[in-house]
Amino acid sequence: MKNQSIILSAILATAVLASCGKEELTNKQSDAALNFRSSSFPLTLNWEQGAINWEGETALAGGTSRTVSAFNNFLGAGNQIGFARGTNVNAGTADRLGREAARTITDAFTYKVTATGSAWTATVPFAYGHVAGNTSREMIWTPSFKGGSNRLLNSAEFVTDNSALDEDKTTGTIEVGDWRAVQMTIVSGTDTRKRVSIQEKVGANWVERVRPNNNNGVVEMRAFTVLNVRTGYSVTGGVVGAPTYTDIPVLKSQLVGVNNSISNGAIILWTLQPNGATSFNTELFRP
């Protein structure tokens, strides 16, 4: 296991999701999450019981429509960002889910893995953005849901090829801890298709877990990271506890199309595919 402080260096300073590649992925982002571009990014869902509670808190009932918002200028504190239940917060709010300084959110979305035997307990909110004042240093965040008066976010900074945090200096490979993304070019007759292989280190070997493989999967690697996510918890006596955290790989890519036919294509985030399939169509999110 490589030094996880490298993987989550953005946590210490304060960017498609998966758990062993055997889950069914369900992206529940809303139009509001995509289109809201003000100081907050609301995510209104019928959250599962305890999905937006921190450890040790009485679980909110499941199946009730509630809004979780990701905020810029959180609590009126300049470049501080945060998550909270509701669309408004103040310095005395009891509903903050986490915060981090000197950051800027540009999008928010939700994500959940639902597969028999390997499901995430509940839907999880995420935000995407960058270090304040530096749009080239992109990041991804999710609440840690840990208790205490100074709740923090789990965060990760996206690593670019051959940058300081890339543990493999081979061009076309970005390695972060026990995960890596590898650029591939697949030739089929007169056509070429760029794809990215997401691989996990198992012992001394790298094992491919997934690669984008539909038309939208003809992409060029732009960055890669690994984010620690609360993927499980229990509700005992009405109280949330026993959290489970999982490091998930997140690939940032750009759509280029067959034979690089698409210019200025969409940015797409990817993670692993249901049930361990190595080829997939599911996108995590389009910023």
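See the structure above.
Scope of this entry: the structure provided in the associated data block. Being a predicted model, the structure only gives us computed values, none of them experimental.

Conventions we followed
Residues numbered from 1 in each chain as written. Predicted model: local features only at pLDDT ≥ 70, side-chain atom pairs only at ≥ 80, totals over all residues. Heavy atoms only, no water. Helix = DSSP H or I, 4+ residues; strand = E, 2+ residues; numbered from the N terminus. Contact = heavy atoms within 4.5 Å. Core = buried A, V, L, I, M, F, W, Y, C linked by side-chain atoms within 4.5 Å. Buried < 20%, exposed > 50% of the residue type's maximum accessible area, 1.4 Å probe, protein only. Salt bridge = Lys/Arg side-chain N within 4 Å of Asp/Glu carboxyl O. Pairing = 2+ DSSP bridges. Axes fitted to C-alpha atoms, helices over the stretch in contact; angles between N-to-C directions.

**Digging into the environment of Thr192**
Phase 1: Take Thr192: it is sitting in strand E12 (residues 191-202).
Phase 2: C-alpha of Thr192 to C-alpha of Asn260: the two residues are 68 residues apart in sequence and 8.0 Å apart in space.
Phase 3: Among residues more than four places away in sequence, those in contact with Thr192 are Thr185, Ile186, Val187, Val258 and Asn259.

**Some details on the nonpolar core**
Phase 1: Grouped together as the largest cluster of nonpolar side chains are 24 residues, with contacts concentrated most on Trp47, Ala70, Phe83, Leu97, Ile105 and Trp141.
Phase 2: Elements supplying a minimum of two residues to this core: strand E2 (40-47), strand E3 (64-71), strand E4 (81-85), strand E6 (103-113), strand E7 (124-131) and strand E8 (134-143).
Phase 3: Looking at which element gives the most residues to this core, the answer is E2, with four residues.
Phase 4: Among the nonpolar cores identified, the runner-up in size contains 18 residues, and Phe109, Phe158, Ile248 and Leu269 belong to it.

**Description of the environment of Ala181**
Phase 1: The residue Ala181 is located in strand E11 (residues 179-188) in this model.
Phase 2: Sequence separation of Ala181 and Glu208 is 27 residues, and the distance between their C-alpha atoms is 9.4 Å.
Phase 3: Apart from residues no more than four positions distant in its own chain, Ala181 is found in contact with Gly172, Thr173, Ile174, Val196, Ser197, Met221, Phe224 and Leu251.

**Structural notes on the pattern of salt bridges**
Phase 1: Per the stated rule, a full pass over the model turns up eleven salt bridges.
Phase 2: Residue Lys112 pairs with Glu48 through a salt bridge whose shortest N-O separation is 2.8 Å. Placement of the pair is Lys112 in strand E6 and Glu48 in the loop between E2 and E3, with a sequence separation of 64 residues.
Phase 3: Measuring nitrogen to oxygen at the nearest pair gives 3.2 Å for the salt bridge that ties Glu100 to Arg103.
Phase 4: Taking the relative accessible area as the measure of exposure, Glu100 reaches 3% and is therefore buried.
Phase 5: The network of salt bridges with common partners includes Glu57, Arg85 and Asp95.

**Here's the deal with the sheet that holds E3**
To summarise the sheet geometry, strands pair through backbone hydrogen bonds and adopt either a parallel or an antiparallel arrangement.
Phase 1: Read across the open sheet, the four strands follow the order E2-E3-E4-E5; overall the sheet is antiparallel. Each edge of the sheet is formed by a strand with only one pairing partner; in this case those strands are E2 and strand E5 (96-100). Pairs of neighbouring strands in the sheet enclose a mean axial angle of 15°, with direction left out of account.
Phase 2: Two strands pair when backbone bridges link them, and E4 and E5 are joined in this way by four bridges, in the antiparallel orientation. Of the residues in E5, the one forming a bridge with Phe83 is Gly98.

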